[in-house]
Amino acid sequence: MNPPLLHVEGLGKRYRLSRRLPWQAAPEVQALDGVDFTLLAGRSLGIVGESGSGKSTLARIVMALERPSAGRVRLDGDDLHALDAAALRAKRQRLQMVFQDPYGSLDPRRTVGHSVAEPLAVLQGAKAAEQAERVAQALHEVGLAPADAAKYPHEFSGGQRQRIAIARALIVRPALIVADEPVSALDVSVQAQVLNLMQDLRDKLGISFLLISHDLAVVNLIADEVLVLQAGRVVERGTPESLFARPQHPYTQRLLAAVPGVLSR
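This report concerns the structure included in the present document. (Residues numbered from 1 in each chain as written. Predicted model: local features only at pLDDT ≥ 70, side-chain atom pairs only at ≥ 80, totals over all residues. Heavy atoms only, no water.)

## Brief notes about the pattern of salt bridges
If the charged atoms of two oppositely charged side chains come close together, the side chains can form a pair. Applied cut-off: Any carboxyl oxygen of Asp or Glu within 4 Å of a side-chain nitrogen of Lys or Arg constitutes a salt bridge here. Helix and strand definitions here come from DSSP, where helices need a minimum of 4 consecutive H or I residues and strands a minimum of 2 consecutive E residues; each element is numbered from the N-terminal end. Exposure categories follow from relative accessible area, calculated using a 1.4 Å probe and restricted to protein chains: below 20% of the type maximum is buried, above 50% is exposed, and the middle band is partly exposed.
Under the counting rule described, the total for this entry stands at 15 salt bridges. We note a salt bridge from E28 to R14, for which the minimum N-O separation is 3.5 Å. Here the residue E28 occupies a position in strand β2 (residues 28-40), and R14 occupies one in strand β1 (residues 4-16), the gap between them amounting to 14 residues. Two residues, R109 and D107, come together in a salt bridge whose shortest N-O distance is 3.2 Å. Since its relative accessible area comes to 70%, R109 is described here as exposed.

## With respect to the pairing of strand β9 (residues 225-230)
Spelled out, the test is: Pairing between strands is defined by DSSP: at least two bridges between them are needed.
Relative to β9, strand β3 (residues 44-48) is paired through four bridges, and the arrangement is parallel. Looking at the pairing, V48 lines up with V228 of β9. With five bridges joining them, β9 and strand β10 (residues 233-238) adopt antiparallel strand pairing. If you follow Q230 over to β10, its bridge partner there is R233. Between β9 and β10, which pair antiparallel one after the other, the connecting turn spans two residues, and A231 there sits at a positive phi close to 50°.

## Considerations on the side chain of Q96
Quick reminder of the rule: Under this definition, polar contacts are N or O atom pairs within 3.5 Å; protein pairs additionally need one hydrogen-donor-capable and one acceptor-capable atom, and for neighbouring residues in sequence, both atoms have to be side-chain atoms.
Position of Q96 relative to the elements: it lies in strand β6 (residues 95-98). Note on Q96: relative accessible area 13%, which makes it buried. Of the polar contacts made by the side chain of Q96, one reaches the backbone oxygen of R92; its length is 2.9 Å.

## Notes on the environment of I47
Heads up, the rule is: By the convention used here, residues are in contact when the closest approach between their heavy atoms is within 4.5 Å.
Within the secondary structure, I47 sits in strand β3. Judged by relative accessible area, I47 falls into the buried class, the value being 1%. Between the C-alpha atom of I47 and that of L58, which follows or precedes it by 11 residues, the distance is 9.2 Å. Not counting chain neighbours up to four residues away, the residues in contact with I47 comprise K55, L58, L210, L211, I212, S213, L227 and L229.

Limitation: the analysis is restricted to geometry and does not speak to function.
Written out as structure tokens, the structure reads:
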């Protein structure tokens, strides 16, 4: 059995909002409440819910971009939010992120090669020759040509730009990639190509994926387990086969009813 890679325990997050009147206490909103899950090495976990369910907040906390109000996030057994700056920087080689908008996450003034190599330079201090070699390898792994390193983001389609974003995440050989709505900005036909690529990379390289999506059909293609979030709480969990065939919670049933037809695995 694969060892545990990521363990999230009792995760909670509250945001304090602006005061409506000077003499009133600032209101709070509970974005996450008691979220628990474990992700094994080489596996994929899908987090599903509507807008405002807490999915992106969860992704930012797992990436240590925000601190939780309660609970812990452990990667390789280490509490990410208890690490000092130097230790967290070193740990970031083990986890990378792919964002929703591939064009917005790439610097339009920089070549693709520069953007893909950036984690190597920042996290590993790799020399130029090593960077060029590993950029070529990463682009090849996502189905692009090494010569594409000299081009700029505007020269690629949306699906190709998301492949570039995945190559940038891959280049430091992370154990975990957090993908926050990675295909929602793409056409349906291109979505399947990118998801198949992620599945192939998981199988070949043993990378774990935490896939955040509002679309049940998307997680059905790649996830080994699915968690359904509603208002910051996990209301249902299970394999895609069991969850989609026999949803127990009314919220999950409503999500499924909104999908014309869940894609077959």
